[in-house]
Amino acid sequence: MFRTALRNVLAHKARLLMTVLAVMLGVAFVSGTLVFTNTISDALQKSSAKGFDQVDVAMTADYQDAEGDQVGKVHELTQSVLDRSERVPGAASAIGVVQGFTAIADKDGKLIGEGFQSQGGNYWGTEDPRYPLVSGHAPKGQGEILIDSETAKRAGYKVGDTVRMSVDGPVLTPKITGIFTTDDGNVAAGGSLTLFDTATAQKLFGKAGVYDQIVVKAKAGVTQTALQAELDKALPKGTVATTTGKELADDQAEAIARSMSGMQTGLLVFAGIALFVGTFIIANTFTMLVAQRTKELALMRAVGASRRQVTRSVLIEAFVVGAVAAVAGLLAGIGIGAGLRSLMGTFGATVPDGPLIIKPATIVAALVVGILVTMLAAWLPGRRAAKIPPVAAMNSVHAKATTKSLVLRNTLGALVSAAGIAVVLMASTMDGSDGQIPMGFGAVLLIIGVFILTPLLSRPLIAAAAPVLRVFGVSGKLARQNSVRNPRRTAATASALMIGLTLITGMTVMAGSLQQAIEKMASSSIKADYVVSMANGNPLSPDVEKKLEQTDGVSATSPMLNAESRIDGQTEYLTGVNGAAIGELAGPEVDEGSFKVGGTQVVVDSETAQSYGWKAGSDFTVSYADGKKQKLTVAGTYESNDFLRGILLDQATLAPHDADPYNMKVMVKTSGGTSGATQDKLEKALGTNPAIKVQDKQDISNEIAQMFTLMLNMVYGLLAMAVIVAVLGVINTLAMSVFERSQEIGMLRAIGLDRRGIKRMVRLESLVISLFGAVLGIGLGVFFGWAAGELLASRMATYELVLPWARIAVFLLLAATVGVLAALWPARRAARLNMLEAIKAE
């Protein structure tokens, strides 16, 4: 039986080619993902560990937790702490570290990197071992800086150039005195690192005489743990937290592994989808091969082969196919992993140097996945082949499905689909995250149920295309009949395409609906013409609002001050606003009372109010950062959103208790409304500062929606693999169908159907199957998009379903294109069959 199975594989190698390709693509996706993520993770971990070479013990200020109504307190790392740590037995040197946001502009005045990736720090003395200089010298005073070599390369800067930069307010124009190399992850991700001398860094970051961290280097022969023990002994308990360099490196490595694990899991999910789609091709291929070899299998049974041996022979064939595909997929995956790494450099992401990592687990995973998936998909056709009685098989080339099996299949499909719909509908009524798992389970049930029912659904849906197919005459009529001749085969082929389009359509519906919800939220809750904020989300300088107030054409402004407080023993952040102007700058949906802020009158978002049991007219006591208490009254409650949430009170009420609250945003109303000229005027009033964003409502909604757009494009790209596998399935089914119907095609040619008619028949058959899968996929995708949207609507009041008709039309057009392209080779092959040889074929 083993030799027979091998001979069958060699005899049908052309027919098995598409199956090998489908499995190979899935395995390549899996192994490529593992190689890529393992390589990047290893390179980042080694680079990160190298960054801690100069750190034996790191000291940070300890935090004193809040007690009762007291606000928490952070101890400070002063110069005296640094001096004491340097004198500790076993310490060779100590370096004070100062860090903060620093925006640096390119030669066009645009911010280099994303805001959160633009960092600044201090260069210690004249030679800092943390930052080896490539050229130039250490900075001295506020007029000199160092920049990292990657930023210099990206922006075209060199030593001696003057740059525009900002920390939290005014624009500075220092000169570059040196360029250094660094293993900093933010720089690798496309950000920038700017260094000042220590005194300048402390002054600019508002940390005069204070350090964010103190790094201590041990003397030769002194271990990190021994130095840590000496530091803990020498410094006051509870004021400083110490960590060894090894612990920091291990923590960083663990964080990198976690982040790469998330990426790896996400990519493997899409690889799994591609493999799942591939199982339809495998099952279809072996089902058709078994059907074509019915007499051969019957003869084997007649000469003594048992059912188990017949099944085993099919599984051996699957094993060989899976092994070949797995090895090819592994090799392709290694190439994909290396290619993805190189591609990251093309997109501007810097990855530390390191070898390509191919772990034994990757090789095992590729082989197991390829062989296991193929054998599992081939098991059912093999089992079905073994059940055909020898006499029945000898008398019939194609064993028909019994009425009992069809009734059983349709009943099971209806029950599973109904259960899936019920679970999804139930989950859509739940609140937010509570419904995610039930909805996912219901979606899986529904997809399985629809797949089981697809043979039943194929007849009415394909029959609906009959009027269009009649236009193509005999070829159209034959294409329709061929499409429903074997509903199970049609179902398996169409289902492969259905799964990819279900996911793509569902994500598109959600993304379009979210985009509109965000735009509606911005237009309804923000009355201000512009919102000014820091590029990295840090607090603004107090000077920003003053400059905006003095700008010609500005009619009203309000800051959004952030201050910590304690309410009923819990930490709450208050938002200080201009009570007199807030009504014309913001207009969220008011649930109860009025949106009026002033004196002791505050407004609270409904979620916070509900958690404390407040309503309009309720009084509560707040403890400010200075320890003083005050009774405030809830004037009204409102619906929170991404822009406005929490407790809003007048800045005049907050000012006596917090002299320097964080100013997160400034809302601006202008007399002339929004325009390019007005925005330019505001930006110039702030010195065309690269660190500050001036955004209108459309800019804000675009910024929020950008994340969803990026995610949607990534999903499109990743699901493309599943669609390619589905296309291979259509090609495979048609090619094998042409071989199976060689005699029939020969007869059609003999009675007058020309080669063009044969080609048209195969193409139309492919088109009908592809559109059938597309209709099912789009229908399921819209349903899932609606259901998932109901979960979002519980958290986002402005959310409502938006059907992207234009994109749905594009998906249908793409499905039709897939059908036509997939039929090119099978149609050409069918048209070129010799009619006499075809008629004689069995």
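This text gives an overview of the structure that appears in the document. (Residues numbered from 1 in each chain as written. Predicted model: local features only at pLDDT ≥ 70, side-chain atom pairs only at ≥ 80, totals over all residues. Heavy atoms only, no water.)

### A short note on the overall build of the protein chain
Defined as follows: Segments assigned H or I by DSSP are reported as helices when at least four residues long, segments assigned E as strands when at least two residues long, and all are numbered from the N terminus. Exposed residues in this analysis have more than 50% of their type's maximum accessible area, buried residues have under 20%, and partly exposed residues fall in between, with area computed by a 1.4 Å probe over protein chains only. Contact definition: two residues touch when any of their heavy atoms are within 4.5 Å.
Across its full length, the protein chain carries 28 helices and 27 strands. When its C-alpha atoms are laid out on the principal axes, the protein chain stretches across 100 × 70 × 50 Å. Within the span of the protein chain, comprising 842 residues, buried residues form 48% of the whole. Sequence separation of 24 or more characterises 81% of the internal contacts of the protein chain that already satisfy a separation of 6 or more.

### Description of the packing of helix α25 (residues 755–793) against helix α27 (residues 824–831)
Using the following cut-off: Lines fitted to C-alpha atoms define the axes here, with helix axes fitted over just the stretch in contact, and angles between the N-to-C directions of these axes take values from 0 to 180 degrees. Whether a crossing is left-handed or right-handed is set by the direction in which the near helix is turned from the far one by less than a right angle, anticlockwise for left-handed and clockwise for right-handed. Side-chain classes follow a simple rule in which Ala, Val, Leu, Ile, Met, Phe, Trp, Tyr, Cys and Pro form the nonpolar group, Asp, Glu, Lys and Arg form the charged group, and the remainder, Gly included, forms the polar group.
Running from N to C, α25 and α27 cross one another at 145°; their axes reach a closest spacing of 8 Å. Relative to α27, α25 is oriented so that their crossing is right-handed. Contacts from R755, I758, K759, V762 and R763 of α25 reach α27 at L824, P826, A827, R828, A830 and A831. Partitioning the contact of α25 with α27 into residue classes produces seven nonpolar, no polar and four charged.

### Here's the deal with the sheet that holds strand β9 (residues 133–136)
As a reminder of what qualifies: One requirement defines pairing of two strands: DSSP has to find at least two bridges between them.
An order of β6-β8-β14-β10-β13-β9 is seen for the six strands of this open sheet, with the pairing classed as mixed. Each of the sheet's edge strands pairs with one partner strand only, and the pair in question is β6 (99–101) and β9. Adjacent strand axes in the sheet meet at a mean angle of 30°, parallel and antiparallel pairs treated alike.

### What to know about the nonpolar core
Rules: Here, nonpolar core refers to any group of buried Ala, Val, Leu, Ile, Met, Phe, Trp, Tyr and Cys residues whose side-chain atoms link them within 4.5 Å.
Counting 55 residues, the largest nonpolar core has F29, F270, V277, M498 and F784 as its most contacted members. At 12 residues, α25 tops the list of elements feeding residues into this core. With residues up to four places along the chain from it excluded, the contact list for F29 reads L267, F270, A271, A274, L718 and M721. Core analysis: the next-biggest nonpolar cluster, separate from the first, contains 34 residues, I104, V163, L227 and L231 among them.

All we've got here are geometric facts, nothing functional implied.
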